[in-house]
Amino acid sequence: MSFSAVDMEEESGASAAAAAAEEIRRLPAEVNWEMLDKSRFFVLGAALFSGVSAALYPAVVVKTHLQVAPPPAAATATAAAILRRDGLRGFYRGFGASLAGTVPARALYMAALEATKSSVGSAAVRLGVSEPAAAAAASAAAGVSAAVAAQVVWTPVDVVSQRLMVQTSATCRYRGGADAFRKILAADGVRGLYRGFGLSILTYAPSNAVWWSTYAMAQRSLWRLVGAERSESYPSLMAVQGASAALAGGAAALVTMPLDTVKTRLQVMEADAARPTLASTVRGLLKEGGWAACYRGLGPRWGSMSLSAATMVTTYEFLKRLSAKEGSLG
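Residues numbered from 1 in each chain as written. Predicted model: local features only at pLDDT ≥ 70, side-chain atom pairs only at ≥ 80, totals over all residues. Heavy atoms only, no water.

- In the nomenclature of an unreviewed UniProt entry, the protein chain corresponds to Mitochondrial carrier protein from the organism Digitaria exilis.
- A UniProt comment under Sequence similarities (unreviewed entry) is attached to the protein chain, and it reads "Belongs to the mitochondrial carrier (TC 2.A.29) family."
- Quoted straight from UniProt, the Subcellular location (unreviewed entry) entry for the protein chain says "Membrane". (UniProt positions renumbered as here; feature names shortened; annotations may be inferred.)

Printed below as a string of structure tokens:
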């Protein structure tokens, strides 16, 4: 290869890097961890995310019923059965317990997410990584870190709320979240509350890595299509962020669905039967319906995660701008 060809390749690489850096600079300004008023961020976040959780909770209930019930059923048939048996109240079984854990879990999640994203992104750029690659790596690392931190709180909440979700008026074993917490603790100890913790990490860590990295890439691709100059328009900003989040949520749901089904079954199985193990849970699921059984509830989960992602991200980005310190946005 001639020196001129090498020079041309170097110039081409430098031009591509410059173009990528320019593309990043043209995107909407990121509100990072250092720019936030933390007290306002957590107080407003608790209120906003509680409202979003309430709106999307029925889809989670339907998904959980589909994953636990042995005979396969359509999501619409399952929803109709819950409505017929328990009324609208049936779609909110366990919501109180879930909401009680949402505030501390979300606080841990957001703190770990923003702190990791900020530190990893800065470190990667200092090491000479290109800005787009650094942003994707920071987003993936932040997603993993946030998932692990949140599961410390969220796994016991999941165990309690899911037990309440699947019980009916005819098979009512728990009188509420506190009663379920006490009975699980008495029967199985702390280990019972953390049943499926390892599997939760295996589910949500890659799910969050896929989600945040896909979100970052989807957002750049969509801005390329619509034109970064339109980011000055708040409706365009919300539309692009929402669409990027929905795509990321759908991808994460598809990738982690089998793990989520096994985790849900493991957490919901009662301790008075033979103590469930990961192997016995997988064997039972495969015996019921083969690999297709691992994707039971995919429709509600895919829809719930896509809608939740779009709603959560637009709310989250709005929250960060509301919580930005005076003068930090320029």
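Structure's up, so let's keep going.
What about the side chain of Gln67?
Thinking step 1. Within the element layout of this structure, Gln67 appears in helix α2 (residues 38-68).
Thinking step 2. Here Thr264 takes part through its side chain, which lies 3.1 Å from a polar atom of the side chain of Gln67.
Thinking step 3. Among all residues touching Gln67, those that are not within four sequence positions of it are Met257, Asp260, Thr261, Thr264, Arg265 and Arg296. (Helix = DSSP H or I, 4+ residues; strand = E, 2+ residues; numbered from the N terminus. Polar contact = N/O pair within 3.5 Å; in protein donor to acceptor, adjacent residues only side chain to side chain. Contact = heavy atoms within 4.5 Å.)

Brief notes about helix α8 (residues 234-268)
Thinking step 1. With 35 residues, α8 should reach 51 Å at 1.5 Å per residue; the first-to-last C-alpha distance of 43 Å falls well below that figure.
Thinking step 2. Along α8, the sharpest kink reaches roughly 60 degrees, centred on Thr256 and followed within four residues by the proline Pro258. (Expected span 1.5 Å × (residues − 1). Bend = angle between axes of the 7 residues up to and from the residue.)

Comments concerning the packing of helix α7 (residues 197-226) against α8
Thinking step 1. One way to put it is that α7 packs onto α8 with a least axis distance of 8 Å and a crossing angle of 160 degrees. When the interaxial angle is binned, α7 and α8 end up roughly antiparallel. Here α7 and α8 pass one another in a crossing that is right-handed.
Thinking step 2. Among the residues forming the contact of α7 with α8, the class breakdown is 21 nonpolar, eleven polar and two charged. (Axes fitted to C-alpha atoms, helices over the stretch in contact; angles between N-to-C directions. Parallel < 35°, antiparallel > 145°, perpendicular 65-115°, else oblique. Left-handed = near helix turned anticlockwise from the far one by under 90°. Nonpolar A, V, L, I, M, F, W, Y, C, P; charged D, E, K, R; others polar.)

Considering helix α9 (residues 278-289)
Thinking step 1. Here α9 spans 17 Å end to end across twelve residues, near enough to the 16 Å set by a 1.5 Å rise per residue.
Thinking step 2. Where α9 ends, the next residue or the one after it, Gly290, has phi of about 65 degrees, a positive value.

Considering the nonpolar core
Thinking step 1. Formed by 23 residues in total, the largest nonpolar core has its most connected members in Leu113, Trp211, Trp212, Tyr215 and Tyr316.
Thinking step 2. The set of elements that each furnish at least two residues to this core consists of α2, α4 (95-126), α5 (131-166), α7, α8 and α10 (298-323).
Thinking step 3. Per-element accounting of this core gives the leading share, five residues, to α10.
Thinking step 4. If we ignore the near neighbours within four places in the chain, the residues touching Trp211 are Ala245, Ala248, Gly249, Ala252, Ala309 and Val313. (Core = buried A, V, L, I, M, F, W, Y, C linked by side-chain atoms within 4.5 Å. Buried < 20%, exposed > 50% of the residue type's maximum accessible area, 1.4 Å probe, protein only.)

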